[in-house]
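Examination of the molecular architecture
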Amino acid sequence: MKIHEYQAAELFKAYGVRVPEGKAAATAQEAGEAARSLGAGPYVIKAQVHSGGRGKAGGVKFAQTPEEAEAKAGEILGMKLVTKQTGPEGRIVKRVLVSRAVEIAREYYVSLTVDGARERVVMIASSAGGMEIEETAKEAPEKIYTMEIDPYLGLTGYQAREMGKKLGLGAAETKQFIALSKGLYRLFVEKDCSLVEINPLAVDGEGNLIAADAKVNFDDNALFRHSENAAMRDENEEEPRELEASKYDLNYIGLDGNIGCMVNGAGLAMATMDIIQACGGSPANFLDVGGSATAEKVAGAFAILLSDAKVKCIFVNIFGGIMRCDIIAAGIVEAARKLEVKVPLVVRLEGTNAEAGKKILAESGLNITAAEDMADGAEKACRLAKEVRA
Ligand code: GDP
Ligand code: MN
């Protein structure tokens, strides 16, 4: 789960990480008032959307006076911000953060995330802050430092000191960096984050370390133990199909292709995407309906796939273990009738009561292409998707 910068900044503050004074505003007038209440300028006005790269996209503006802050907020609010991360459809800006601008002398990058391969939380830092870290990773990887954190010891003072040294910080800055790192790590662990990132971490004219940007992502699998995080959710910012899927407790992730996939089991769903690729096609999504899908869940899944205009063909790949194929078949038929599925449907059923399931599909009178096995289904789905496109 992602949250906005202004929310992440509040968390930073609570964990002792210095952030510029700021306030969120939903209207230009509110933004002007916010600036006035913050004291003397200059101010920075930033679009609050769940995306980085706002600066380059015109979502970050500076102002000298509260009047100017109001005007700049008016320009940003309501604009469609298209960044590298939003894709071409962009995001409409509904809120801005008005802060006192930091006088930036130097910019650094620092983040904490989970490195799956190392099975550790890692701290990543760079003296090339302010830029896209992905670019630095490509062009000057030697400027990025990674440090593993031992889960029993936590982030130690000597590790943070070592990192400060690598970044080339002075003695007083290093002292602040140690406190900041420890605060970030405590936040990461206590709130079950998947990412905490500051880019840029600014050193101001007086040598203070200030988080001039704040990013926090929570681990979805741990949300159940943080009811306090639910209030920070902004459904406006979430992919509508992924949001809908979460209501049905379906594991859905949207992708770029045109073959909608409905599969039971995460492993089989991954294999299905692979085999579609191997046949020259491209999956429109990952979808695991789970091992005990009901007809209602199947119908919900269908509705989500069909709401995606990119989908030219649907490949249902079910291996019935605990789940019975005849029940799934009935669910497919019911959903396909109700939702008037217009795209071709390829169905592969295997396992418990597969024959009964195939019979239900064959007798339904619907335009369903039965597949012999998974490879056959993938080939048929790829062919049909191409025909539709042609
Ligand atoms: P992002 O582009 O979405 O990562 O948004 P940021 O909040 O990082 O802002 C983009 C850029 O604007 C930063 O890299 C800074 O160079 C600049 N910036 C942001 N806040 C301030 C500030 O308070 N003072 C100054 N001088 N520059 C800022
Ligand atoms: Mn940034």
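Note that the coordinates shown come from a computational prediction; the quantities given were computed from them, not determined experimentally. (Residues numbered from 1 in each chain as written. Chains lettered and ligands numbered in written order. Predicted model: local features only at pLDDT ≥ 70, side-chain atom pairs only at ≥ 80, totals over all residues. Heavy atoms only, no water.)

Focus: unusual backbone geometry
Short version of the rule: For the purposes of this entry, the term helix denotes a DSSP run of H or I that reaches at least four residues, the term strand denotes a run of E that reaches at least two, and both are numbered from the N terminus. Here's how the labels work: a residue is buried when its accessible area is under 20% of the maximum for its type, exposed when over 50%, partly exposed in between, all with a 1.4 Å probe on protein chains only.
That bond from Gly41 to Pro42 is cis: its omega, 0°, falls within 30 degrees of zero. The residue after Asn199, namely Pro200, is reached through a cis peptide bond having omega 10°. Note on placement: Pro200 falls in strand S10 (residues 193–204). Of note, Glu119 is a non-glycine position whose phi angle comes to about 55°, a positive value. When its relative accessible area of 63% is taken as the criterion, Glu119 is described as exposed. Positive phi values are uncommon outside glycine, yet Asp249 reaches one of about 60°. Along the chain, the position of Asp249 falls in the loop between helix H8 (240–247) and strand S13 (251–254). Of the residues examined, Asp249 reaches a relative accessible area of 63% and is grouped as exposed.

Comments concerning the pattern of salt bridges
Here is the rule we go by: A side-chain nitrogen of Lys or Arg and a carboxyl oxygen of Asp or Glu constitute a salt bridge if their distance falls within 4 Å.
Counted by the stated rule, this structure contains 27 salt bridges. In this structure, the salt-bridge partner of Arg54 is Glu5, at a minimum N-O distance of 2.8 Å. Here the residue Arg54 occupies a position in the loop between strand S2 (43–47) and strand S3 (60–63), and Glu5 occupies one in helix H1 (residues 5–14), the gap between them amounting to 49 residues. Classification of Arg54 by relative accessible area gives buried; the value is 7%. The exposure class of Glu5 is buried, given its relative accessible area of 8%. Salt bridges here are not isolated pairs; linked through shared partners, they connect Lys56, Lys84, Glu132, Glu135 and Lys138.

Some thoughts on the packing of helix H11 (residues 325–338) against helix H12 (residues 354–362)
To be explicit about the condition: Angles here are taken between N-to-C directions and fall from 0 to 180 degrees, while the axes themselves are lines fitted to C-alpha atoms, restricted in helices to the stretch in contact. For this classification, under 35 degrees means roughly parallel, over 145 means roughly antiparallel, 65 to 115 means roughly perpendicular, and everything else is oblique. Each crossing gets its handedness from the near helix: less than a right angle anticlockwise from the far helix is left-handed, clockwise is right-handed. By definition in these notes, contact holds between two residues if any of their heavy atoms fall within 4.5 Å. Polar here means any residue other than Ala, Val, Leu, Ile, Met, Phe, Trp, Tyr, Cys and Pro, which are nonpolar, and Asp, Glu, Lys and Arg, which are charged; Gly is therefore polar.
Taken N-terminus to C-terminus, the directions of H11 and H12 make an angle of 20°; their axes are 7 Å apart at the nearest point. It follows from the interaxial angle that H11 and H12 lie roughly parallel. For the element pair H11 and H12, the recorded crossing hand is right-handed. Seen from H11, the contacting residues are Cys325, Asp326, Ala329, Ala330, Ile332 and Val333; seen from H12, they are Ala354, Ala356, Gly357, Ile360 and Leu361. Across the contact of H11 with H12, the residue classes tally to nine nonpolar, one polar and one charged.

Concerning the coordination of the manganese ion (ligand 2)
Ideal geometry at a metal centre: 109.5 degrees between donors when four sit tetrahedrally, and 90 or 180 degrees when six sit octahedrally. Heads up, the rule is: Each metal site lists N, O and S donors within 2.8 Å (3.2 Å for Na, K and Ca). With water left out of the atoms, a site can look as if it is missing ligands.
Protein coordination at the manganese ion (ligand 2) comes from Asn199 (O) and Asp213 (OD), with a distance range of 2.2 Å. A residue pair is termed long-range when its members are at least 10 positions apart, and Asn199 in strand S10 and Asp213 in the loop between strand S11 (209–211) and strand S12 (215–218) qualify at 14 residues.

Let's talk about the nonpolar core
To keep things clear, this is the line we draw: Side-chain atoms within 4.5 Å link the members of a nonpolar core, which is a set of buried Ala, Val, Leu, Ile, Met, Phe, Trp, Tyr and Cys residues.
One finds Phe12, Phe177 and Val216 to be the most contacted residues of the largest nonpolar core, which totals 40 residues. It is helix H6 (residues 171–190) that provides the largest number of residues to this core, a total of six residues. In this view, Phe177 contacts Val110, Met123, Ala160, Met163, Gly164, Leu167, Leu169, Leu201 and Leu209; residues no more than four positions away in its chain are not counted.

A word on the UniProt feature "binding site: Mg(2+)" (unreviewed entry) in the protein chain
Keep this limit in mind: UniProt positions are given in the numbering used here, feature names are shortened, and annotations may be inferred rather than shown by experiment. A 3.5 Å cut-off defines polar contacts: any pair of N or O atoms within that distance qualifies, except that in protein one atom must be a possible hydrogen donor and the other a possible acceptor, and neighbouring residues in sequence count only when both atoms are side-chain atoms.
As recorded in UniProt, the sites labelled "binding site: Mg(2+)" (unreviewed entry) are Asn199 and Asp213. Relative accessible area serves as the criterion here: at 15%, Asn199 is assigned to the buried category. Ignoring anything within four residues of it in the chain, the contact list for Asn199 reads Tyr108, Tyr109, Gly129, Gly130, Met131 and Asp213. Engagement of the side chain of Asn199 in a polar contact is seen with the backbone nitrogen of Gly130, the distance being 2.7 Å. Ignoring any residue separated from it by four or fewer positions in sequence, one finds Asp213 in contact with Glu5, Phe12, Lys46, Arg54, Glu197, Ile198, Asn199 and Pro200. A distance of 3.1 Å separates the side chain of Asp213 from the side chain of Arg54, its partner in a polar contact.

Considerations on the site of ligand 1
Condition: We call a residue near a molecule or strand whenever a single non-hydrogen atom of that residue lies within 4 Å of it.
The immediate surroundings of ligand 1 are formed by 17 residues, with Lys46, Arg54, Gly55, Val102 and Glu107 found nearest. Residue Lys46 places a side-chain N or O atom 2.7 Å away from an oxygen atom belonging to ligand 1. Elements represented by at least two residues in the shell around ligand 1 include exactly S2, S3, strand S7 (104–115) and S10. Each residue belonging to the shell around ligand 1 can be placed in one class, and the counts come to eight nonpolar, five polar and four charged.

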